[in-house]
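Okay, here's what each chain looks like letter by letter:
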Amino acid sequence: MAEAGRAGGSPAAARRPVPPRPPAGPGRAVQVSVIVPVHNSESWLDECLKSVWEQDFKETMELSVFNDASKDSSAEIIEKWKTKLEDAGVPVIIGSNESSQPRGVGFAKNQAVIQSSGTYLCFLDSDDVMMPQRVRLQHEAAIQRPNSIIGCQVRREPLESTERYTRWINNLTEEQLLTQVFTSHGPTVIMPTWFCSREWFFHVGKFDEGGKGVPEDLLFFYKHIQKGGEVFRVNHCLLLYRYHPQAATHSILEGTIWNHRVRFLEDRVLSSWTSFTIWNAGKQGKKLYRSLSPANRKKVTAFCDVDEKKITRGFYTYEESEVRPKPKIPICHFRDATPPFIICVKLDLTGGAFETNLNTLNLKEGVDYYHFN
């Protein structure tokens, strides 16, 4: 596996402008549309669009930007790069929402897709930076996998922000890209790394346009999986992924995401299970139990844990229940519990203790357990 921190090539190579591509025209369809939604992005936009200009992709490519009611100098920066990119053989399509209010990331991404014409879509957030080989490598992978969302490894900026999350993004196995879709981390390949065919994008059905507070990428990802979509990651670091307070991610309420995750878990996993154990008799495990539909709550045979105090207590009584007598769910040690499990213990947080415990049971992820942490 490529080193997650490698930026792909020397600094000198990264600065070298690509030779002009043969222009798209009659009989020469655009292969890849780079999709960039923009809202007040002047701090990062130069670097972002420069990374489009530096792509080493030799086939036809276009940039499709949708400027969603920016109040800063984003429009001027886009115009400057339009000239440079078109000189290099990359057509630029610019759409904009001229009203005083932004319509949101989902709307901006959809508009950028609709106005574009590429056979493949390469999504790029306006605060991120692509490595020169990103479009080429993901395009190669996408041709082989027509029903997939293709992601890649990332380098986080600043480096020390969200370390556990970044490790998770970069190190999931191919199987875990589909089994760990229920965790609080969200999509197993992050949205700013997505690359897929236009045909598949419209088959899934565009992004939710509810605006601020809607996890449009998570909802699209879930629809993609429900429609039989696959998930694949190119194991090279192809994106500099920025973390900053203004990112749209921070406007989404944790409770909203929790509810979507629970419903997705019920639909994809619990609907086919007749009984299961919740691994974690603490706050998160009990919260999951209370969030389940009445039919799925009845399938919970036990909670399991390593905490002797919780195990000694013997039961969790569901006090809010209107059922009489109130449900009492046994609490046992994880070694005495019966799979399958829904695991509500956070990964990579206990110095390996939880992972070691899980490994002693010789279970198969995606069959005997799923993570919901």
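To be clear, the structure that these remarks concern was listed above.
These figures come from a predicted structure and were not determined experimentally.

A. Examining the layout of surface pockets more closely. The volume enclosed by the second largest pocket comes to roughly 400 Å³. In terms of lining, the second largest pocket is formed by 19 residues, of which the most central are Gln176, Gln180, Leu347, Glu355 and His371. Going through the elements one at a time, α6 (163–171), α14 (353–360) and β14 (369–371) are the ones with two or more residues in the lining of the second largest pocket. Here the lining of the second largest pocket gets four residues from one element, more than from any other, and that element is α6. By residue class, the composition of the lining of the second largest pocket is six nonpolar, eight polar and five charged.

B. Representation of the side chain of Arg242 in the model. For Arg242, the position within the fold is in strand β8 (residues 230–242). A relative accessible area of 14% places Arg242 in the buried class. Engagement of the side chain of Arg242 in a polar contact is seen with the backbone oxygen of Asp127, the distance being 2.8 Å. Dropping the residues within four chain positions of it, Arg242 is found in contact with Trp44, Glu47, Asp127, Asp128, Val129, Arg156 and Glu157.

C. Focus on the environment of Trp81. Within the fold, Trp81 resides in helix α3 (residues 74–87). Of the residues examined, Trp81 reaches a relative accessible area of 4% and is grouped as buried. Leaving out residues up to four positions away in the same chain, Trp81 has contacts with Asp46, Leu49, Lys50 and Trp53.

D. Local environment of the nonpolar core. Among the nonpolar cores identified, the biggest contains 92 residues, and Val34, Phe123, Leu288 and Ile342 are the most heavily contacted of them. Examining the composition of this core, we find that six residues originate from one element, β8, more than from any other. Once you skip the residues sitting within four places of it in the chain, Ile342 turns out to touch Leu265, Val269, Leu270, Trp273, Phe276, Thr277, Ile278, Trp279, Leu288, Tyr370 and Phe372. Core analysis: the second largest hydrophobic core is formed by 13 residues, Cys304, Ala337, Phe341 and Ile343 among them.

E. Examining the pattern of salt bridges more closely. Considering all chains together, one arrives at 10 salt bridges under this definition. Residue Glu47 is joined to Arg242 by a salt bridge in which the shortest nitrogen-to-oxygen separation is 2.6 Å. Of the two residues, Glu47 is situated in helix α2 (residues 45–53) and Arg242 in strand β8; the sequence distance between them amounts to 195 residues. Given the relative accessible area of 40%, Glu47 is considered partly exposed. With a shortest N-O distance of 3.1 Å, Lys82 and Glu86 are connected by a salt bridge. Linking Lys82 with Glu86, this pair stays in helix α3, spanning four residues, or about one helical turn. For Lys82, a relative accessible area of 24% puts it in the partly exposed group. On the accessibility criterion, Glu86 (35% relative accessible area) is partly exposed.

F. Spotlight on the packing of aromatic side chains. In total, this model carries 26 aromatic pairs according to the counting rule given. An angle of 55° between the planes, with centres 5.6 Å apart, marks the rings of Phe201 and Phe207 as tilted. For Phe201, a relative accessible area of 0% gives the class buried. Both rings, one in Trp273 and one in Phe276, keep their centres 6.0 Å apart while their planes meet at 50°; by these two values the pair is tilted.

G. Region of the structure containing the pairing of strand β4 (residues 120–123). Side chains of β4 alternate between two faces, with Tyr120 and Cys122 and Leu121 and Phe123 buried alike. One ladder, built from four bridges, connects strand β1 (residues 32–38) with β4; its direction is parallel. Paired with Val34 across the strands is Cys122, a residue of β4. Here β4 pairs with strand β7 (residues 195–197) via three bridges, running antiparallel. The residue bridging Cys122 from the neighbouring strand is Phe195, located in β7.

H. Examining the sheet that holds strand β10 (residues 300–305) more closely. Spatial ordering of the open sheet is given by β11-β12-β10-β9-β13-β14, a layout of six strands whose pairing is mixed. Edge positions in the sheet fall to β11 (315–317) and β14, since each of these pairs with one other strand and no more. Each neighbouring strand pair of the sheet contributes to a mean axis angle of 25°, computed without reference to strand direction. Note that β11 and strand β12 (residues 328–333) share three bridges and pair antiparallel.

I. Spatial organisation of α3. With 14 residues, α3 extends 20 Å between its outermost C-alpha atoms, agreeing within 8% with the 20 Å of an ideal straight helix rising 1.5 Å per residue. Among all positions of α3, only Ser74, Ile77, Ile78, Trp81 and Leu85 are buried. Projected onto a plane normal to the axis of α3, the buried residues spread over an arc of 95° and lie on a single side. Turned more than 90 degrees off the buried face of α3, the exposed positions are Glu76 and Asp87. Where α3 is buried, its residues meet β1, α2, β2 (61–68) and β3 (92–97). One or two residues past the end of α3 sits Gly89, with phi positive at roughly 85°.

Conventions we followed
- Residues numbered from 1 in each chain as written.
- Predicted model: local features only at pLDDT ≥ 70, side-chain atom pairs only at ≥ 80, totals over all residues.
- Heavy atoms only, no water.
- 1 Å grid on protein atoms, 1.4 Å probe; cavity = no way out; pocket = protein on both sides within 12 Å on 5 of 7 lines; lining within 4 Å.
- Points joined across faces, edges and corners; volume = space filled by probe spheres on them.
- Helix = DSSP H or I, 4+ residues; strand = E, 2+ residues; numbered from the N terminus.
- Nonpolar A, V, L, I, M, F, W, Y, C, P; charged D, E, K, R; others polar.
- Buried < 20%, exposed > 50% of the residue type's maximum accessible area, 1.4 Å probe, protein only.
- Polar contact = N/O pair within 3.5 Å; in protein donor to acceptor, adjacent residues only side chain to side chain.
- Contact = heavy atoms within 4.5 Å.
- Core = buried A, V, L, I, M, F, W, Y, C linked by side-chain atoms within 4.5 Å.
- Salt bridge = Lys/Arg side-chain N within 4 Å of Asp/Glu carboxyl O.
- Phe/Tyr/Trp six-rings, centres within 6.5 Å; stacked < 30°, edge-to-face > 60°.
- Pairing = 2+ DSSP bridges.
- Axes fitted to C-alpha atoms, helices over the stretch in contact; angles between N-to-C directions.
- Expected span 1.5 Å × (residues − 1).
- Arc of directions from axis to C-beta.

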